[in-house]
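A look at the structure
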Amino acid sequence: MNDLPNPSKRKSWLDHLSGMPPSILISAIWIVFMILVAVLADVIAPYDYKHMDLLDRLRPPIWLENGVWSHPLGTDDLGRDVLSRIIFSIRISLFVALMGTFIGAVLGTSLGFAAAHFRGRVDDLIMVLIDFQAALPFLILALAVLAFFENSFLLFVLIMGIYGWERYARIVRGLALSARSHGYAVSMQVLGATPARIYLRHILPNVSSAIIVNMTLNFPETILVETSLSFLGLGIQPPLTSLGNMVGFGRDYLLTAWWIVVLPSMVIFVTSLAFSLLGDWLRDELDPTLRGN
Amino acid sequence: MNPTVVAIKILRASITVVLLVTFVFVILRLSGDPAVQMLGLEVSDEALDQFRQRWGLDRSIWEQYLSFFWNILHGDFGQSFIGGRDALGVVLERLPKTLQLMGLTTIFTFGLGIPAGIYASLHRNTIADRAIMGFTVASFSLPNFVVGIILIMILGVYFRLLPTSGSETWLHYIMPVITMATADAAIFARFSRSAMLEVLHAPFMRTARAKGLMWGQAVRRHALPNASIPLVTIGGMYVGRLIAGATITENVFAWPGIGKLLVNSVNLRDLAVVQCIVILVGVTMVIANLLVDIAYGWLDPRTRTGESQ
Amino acid sequence: MRAVDGISFDVRRGGVLGIVGESSCGKSSVAKSILHIHPPTSGKIIFDGEDLVTLKPKAWRDMRREIQYVFQDPLGALDPRMTVLDQVIEPLIIHLIGNSGEQLKQAHELLEAVGLLAESHAKYPHELSGGQRQRVVLARALILKPRLLICDEPVSALDVSIQAQVIQLLEELKTSFDLTIMFISHDLSLVRYFCDTMVVMYLGKIVESGPTEEMFSNPRHPYTQALISAIPVVEPGTERDVIVLQGEPPSSFSPPSGCHFHPRCQWQKSICRSTYPEIELVGQSNHFAACHFVQEIGHKQ
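Residues numbered from 1 in each chain as written. Chains lettered and ligands numbered in written order. Predicted model: local features only at pLDDT ≥ 70, side-chain atom pairs only at ≥ 80, totals over all residues.

Turning our attention to the overall build of chain B. Each helix and strand in chain B was counted, giving 13 helices and zero strands. Counting from the amino terminus, chain B carries its helices and strands in the arrangement α-α-α-α-α-α-α-α-α-α-α-α-α. Overall size of chain B, expressed as C-alpha extent along the three principal axes, is 80 × 60 × 25 Å. Each of the 309 residues in chain B was classed as buried or not, and the buried ones make up 37%. Here the analysis covers contacts within chain B between residues at least 6 apart in sequence; of these, 68% occur between residues at least 24 apart. (Helix = DSSP H or I, 4+ residues; strand = E, 2+ residues; numbered from the N terminus. Buried ≥ 20, exposed ≤ 12 C-beta atoms within 10 Å, placed from the backbone. Contact = placed C-beta atoms within 7 Å.)

Below you can see the structure in the form of structure tokens.
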């Protein structure tokens, strides 16, 4: 066994940034742009997303015949400004996805820790729940819950939270179990640390990079699930708007006003693509051993 | 394979199914009076009482659970709002259309996706490889309803080449299948590419070459079988994606299958049908995962001899 | 399964007790019982007059300061994400000793005392060598000034040349901290060098115990004799009778009947198969052994 010290292998922030390929850089810029749009929606949207201008319905976007600058991306069947609606949809979709990812991470991590710490019956129970969640396609599960309960915004966000918790739980449970058998959990116990301290100060930081990696996977998927459910009319309900919503309601106007469907679809596509690319790259940078997934 | 191991797997699968039925029962009870839920508000009081009797709602919760379970086991999921018919019948009626869609999709997904991935892995870093990788990333960033709508717009509405709803002729099948197959083919392409890449650089491939095998033979005899093992794992996941994909695609194309039925039922709160579909889907998934699990154990000799759970 | 079955021994304050045996003989379990990581199912552990087995959780918090533990894998024992200095300070934080300035000072001093230069104090575990890591583990264990230090194979994972350094460090620390040490190892030559009393375990039971030198010059139990005869001797050309044990240690799940060692013992007779031998005094000065034929086998050539 080599007794010489190893040189430090930690990369600094700058090293990471300068290694970004252009496609990733563009993705990152787009995402920052989306976040800004979401945050500044009230300020930059020309109209309220509910505002109807019934005399100006189905107006085409500016680059087509009959387009006007007051509605640069046109209007929909109720005279609502498409640009404003897209802006607010971005805010709502990102917000829901963020809350959902966060709830899923907290729920999954807590249960993962609980399973690893208490073992025995608790562990068995949680493993069974994980199996159950993984056994049913999430869409079906969500639809079932939505069928039985009234669809409110709160309920919907909670459902988004449940998406993917089992992945966090599995990962965290595995890591916590191996951390426990590892020396440092035992050492900390012998030194007098309480279990809470051991989990929060020692195991959690060592588990955090896996959690973050999973969040980068979870977030774009959550956006896609929310969009799909909204498209079906079972997600975000009017008067609230969402990108999926817009596509769903715009279906009837494909011939007469294709922009109502195409423009939000493009936003969905580019944003989702940007998150996927950035997420892949982040995963490679944070932990090359996870590559190939 | 060790029969005890298989038996344990089957046991775990059964427990999951029981849990699923319990879950449906719980949310059914949590969401309000099941009689009113299932039959609607315009029904007479006698009908409500009759329902309560049949489902044992006047008895203790434990007895209710057991009779619920018993009914389900006998295929009695309650009555649909659609003409007051048996929920299971309503669902099974629409099953063939969905299965057709899924079957065709699977053929295209495997038939296009896997060879594309293998091709890409064998021609790494060429234009073909990069094109395939680029296309696949784009494909699974597109939710399938977007693909569907765009296809309808272009092929159906503007060029009037294909019909946009219903399922009468073979032409009706084209767009839905393309919609469903795109994202999944992309996933399989990426997956088989990375599985092949891992295997191609493994030491046993060098040994095969050293033994004198030509490249093609080495790939066929050694690389492909080993690369197929991880593919089996995502096979289980694939069934889930098929079901979810079908649900959305059928709604985009007004395809008369279970997916459309499900969304309609959710909107109408036709709970008998919803619970029937949910449980059937769950059982299907559990069986699919079980088969994958067993196949995996059989294919990979490393796991053949017992487990450490 | 009984990892440790009915053993009894004591450690003199300020002494170094060696616990020796093959893997799975239960020596690590002894350590874990004392430290209350796996509390014993029955019996007493008296530390300075107090019974550790019945100690309340609150009292254990304070007791943690008195008994510390160093084990085989120094990399596993350390948190990969904390610097060496932070890890040594941590026990002080847990037990609320001193303010941050004092804690820092104590940690630095102790790290230097175990031989880690100041420039290494801000490093992470993976940046250090095996020997250095074990020094950090020692510093972390000793910062609470415990009275008893349990070392479980502390040098087995290190290169042989480093082993000597760490053992020497242990000796120095023993004097400067006035420690009592329990040294668990399978390496007999180390035990002979470092420990003044010794206990030999086999499959959960003590087969022989006593002063180290006495046991090395006059081992009375067949197992001990075999172990000692197998120690490599440095001078070439020395003639030795190596006692080779047949078979493998049986599993602790189903120990043999009677004396646990009898299947591998060259002296076994029928009584060995049926009755477990009592442990008895076999010389002056607290030398004990558990064998039916301890008198006959006793006197070596």
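Further notes follow.
Let us look at the overall build of chain C. Secondary structure summary: chain C contains 12 helices and 10 strands in total. The principal-axis extents of the C-alpha atoms in chain C amount to approximately 65 × 50 × 35 Å. Classification of the 301 residues of chain C by burial places 41% in the buried group. For chain C, long-range pairs separated by at least 24 residues make up 61% of all intrachain contacts whose partners lie at least 6 apart in sequence.

Another point: the interface of chain B and chain A. Taken together, the contacts link 40 residues of chain B with 35 residues of chain A. At the level of elements, helix H1 (3–30), helix H6 (127–141), helix H7 (144–158), helix H8 (171–200), helix H10 (215–252), helix H11 (258–268) and helix H12 (271–299) of chain B are the ones that each hand at least two residues to the side of chain B that touches chain A. Of all the elements, H12(B) adds the most residues to the side of chain B that touches chain A, at eight residues. Taken together, the residues that form the side of chain B that touches chain A break down as 28 nonpolar, 10 polar and two charged. (Nonpolar A, V, L, I, M, F, W, Y, C, P; charged D, E, K, R; others polar.)

Here we come to the sheet that holds strand E4 (residues 67–70) of chain C. Residue and element names in this part refer to chain C. An order of E4-E5-E6-E1-E7-E8-E10-E9 is seen for the eight strands of this open sheet, with the pairing classed as mixed. Each edge of the open sheet carries a strand with a single partner, namely E4 and strand E9 (280–281). By the bridge criterion, four bridges tie strand E1 (residues 16–20) to strand E7 (residues 197–202) in an arrangement that is parallel. In the strand pairing of E7, Val-20 is matched with Val-200. Here helix H1 (residues 27–34) sits on the sheet and contacts E1, E4, strand E5 (148–152), strand E6 (180–185) and E7; the angle it forms with E5, its principal contact strand, is near 150°. (Pairing = 2+ DSSP bridges. Axes fitted to C-alpha atoms, helices over the stretch in contact; angles between N-to-C directions.)

Below, the discussion takes up the nonpolar core. Ile140(A) and Leu143(A) are the most contacted members of the largest nonpolar core, which has 122 residues in total. The element that contributes the greatest number of residues to this core is H8(B), accounting for 15 residues. Residues within four places of Ile140(A) in sequence aside, it is in contact with Ile243(B), Ala244(B), Val278(B) and Val281(B). In this structure, Ala105(A), Leu52(C), Val136(C) and Cys259(C) belong to the second largest nonpolar core, which totals 96 residues. (Core = buried A, V, L, I, M, F, W, Y, C linked by C-beta atoms within 7 Å.)

Further remarks concern helix H5 (residues 120–135) of chain A. Spanning 16 residues, H5(A) covers 22 Å between terminal C-alpha atoms, matching the ideal 22 Å at 1.5 Å per step. Buried within H5(A) we find Ile126(A), Ile130(A), Phe132(A) and Ala135(A). (Expected span 1.5 Å × (residues − 1).)

Turning next to helix H11 (residues 243–250) of chain A. The element H11(A) is largely enclosed, with a buried count of seven among its eight residues. When H11(A) is considered as a whole, its buried residues turn out to be Leu243(A), Gly244(A), Asn245(A), Met246(A), Val247(A), Gly248(A) and Gly250(A).

All names here are of chain C. With 93% of its residues at a pLDDT of at least 70, chain C reaches an overall mean of 83. Mean pLDDT across the secondary structure elements of chain C bottoms out at helix H12 (residues 294–298), with 68, and peaks at E5, with 91. Overall fold confidence for the complex sits at a pTM of 0.75, while the interface term, ipTM, reaches 0.81. (pLDDT = per-residue confidence, 0-100.)

Before going further, it helps to spend a moment on the packing of helix H4 (residues 84–94) of chain C against helix H6 (residues 130–142) of chain C. Residue and element names in this part refer to chain C. Interaxial distance between H4 and H6 falls to 7 Å at its minimum, and their mutual angle equals 25°. In terms of orientation, H4 and H6 fall into the roughly parallel class. Handedness of the crossing formed by H4 with H6: right-handed. Contacts between H4 and H6 involve Val-84, Gln-87, Val-88 and Pro-91 on the former and, on the latter, Val-136, Ala-139 and Arg-140. Of the residues that constitute the contact of H4 with H6, the class distribution is five nonpolar, one polar and one charged. (Parallel < 35°, antiparallel > 145°, perpendicular 65-115°, else oblique. Left-handed = near helix turned anticlockwise from the far one by under 90°.)

Glancing now at the interface of chain C and chain A. Taken together, the 27 residues of chain C in the interface contact 19 residues of chain A. At the level of secondary structure, the elements contributing two or more residues to the side of chain C that touches chain A comprise E4, helix H3 (74–77), H4 and H6 of chain C. The greatest single-element share of the side of chain C that touches chain A, amounting to three residues, is contributed by H6(C). Counted by class, the side of chain C that touches chain A contains 11 nonpolar, eight polar and eight charged residues.

Here two pairs of chains make contact, and the pair sharing the most contacts is chains A and B. One finds no contact linking chain B with chain C; the least C-alpha distance across the pair is 19 Å.

Turning next to the environment of Ser178(A). Here Ser178(A) lies in helix H8 (residues 165–181). Once the C-alpha coordinates of Ser178(A) and Met215(A) are considered, the two residues, 37 residues apart in sequence, prove to be 21 Å apart.

This next bit is on the pairing of E6(C). All names here are of chain C. Counted residue by residue, E6 has six buried out of six residues, so it is predominantly covered. Neither face of E6 is open: one carries Thr-180, Met-182 and Ile-184, the other Ile-181, Phe-183 and Ser-185, and all of them are buried. Pairing analysis gives five bridges linking E5 to E6, with the strands arranged parallel. Across the sheet, Cys-151 pairs through a bridge with Phe-183, a residue of E6. With helix H7 (residues 160–177) bridging E5 and the parallel E6, this β-α-β connection has right-handed handedness. (Right-handed = clockwise from strand over helix to strand, strands pointing away.)

Residue and element names in this part refer to chain C. A large share of E7 lies buried, amounting to six of its six residues. Of the two faces of E7, the one carrying Thr-197, Val-199 and Met-201 and the one carrying Met-198, Val-200 and Tyr-202 are both buried. Of the strand pairs in this sheet, E7 and strand E8 (residues 205–211) are connected by six bridges, and their pairing is antiparallel. Residue pairing for E8: Val-200 is matched across the bridge by Glu-208.

With that settled, the discussion passes to the packing of H7(B) against H8(B). All names here are of chain B. Where H7 meets H8, the axes come as close as 9 Å, and the angle between the chain directions of the two elements is 145°. By crossing handedness, the relation of H7 to H8 is classed as right-handed. Two secondary-structure elements touch here, H7 through Asn-144, Val-147, Gly-148, Leu-151, Ile-152, Leu-155 and Gly-156 and H8 through Met-175, Ile-178, Thr-179, Met-180, Thr-182 and Ala-183. When the residues that make up the contact of H7 with H8 are grouped by side-chain class, the tally is eight nonpolar, five polar and no charged.

Here the focus is the environment of Met180(B). All names here are of chain B. When you line up the elements, Met-180 lands in helix H8. Given 29 C-beta atoms within 10 Å, Met-180 falls into the buried group. When the C-alpha positions of Met-180 and Arg-241 are compared, they lie 9.5 Å apart, and in sequence the two are 61 residues distant. Apart from residues lying up to four places away in sequence, Met-180 is in contact with Leu-101, Thr-105, Asn-144, Gly-245, Ala-246 and Thr-249.

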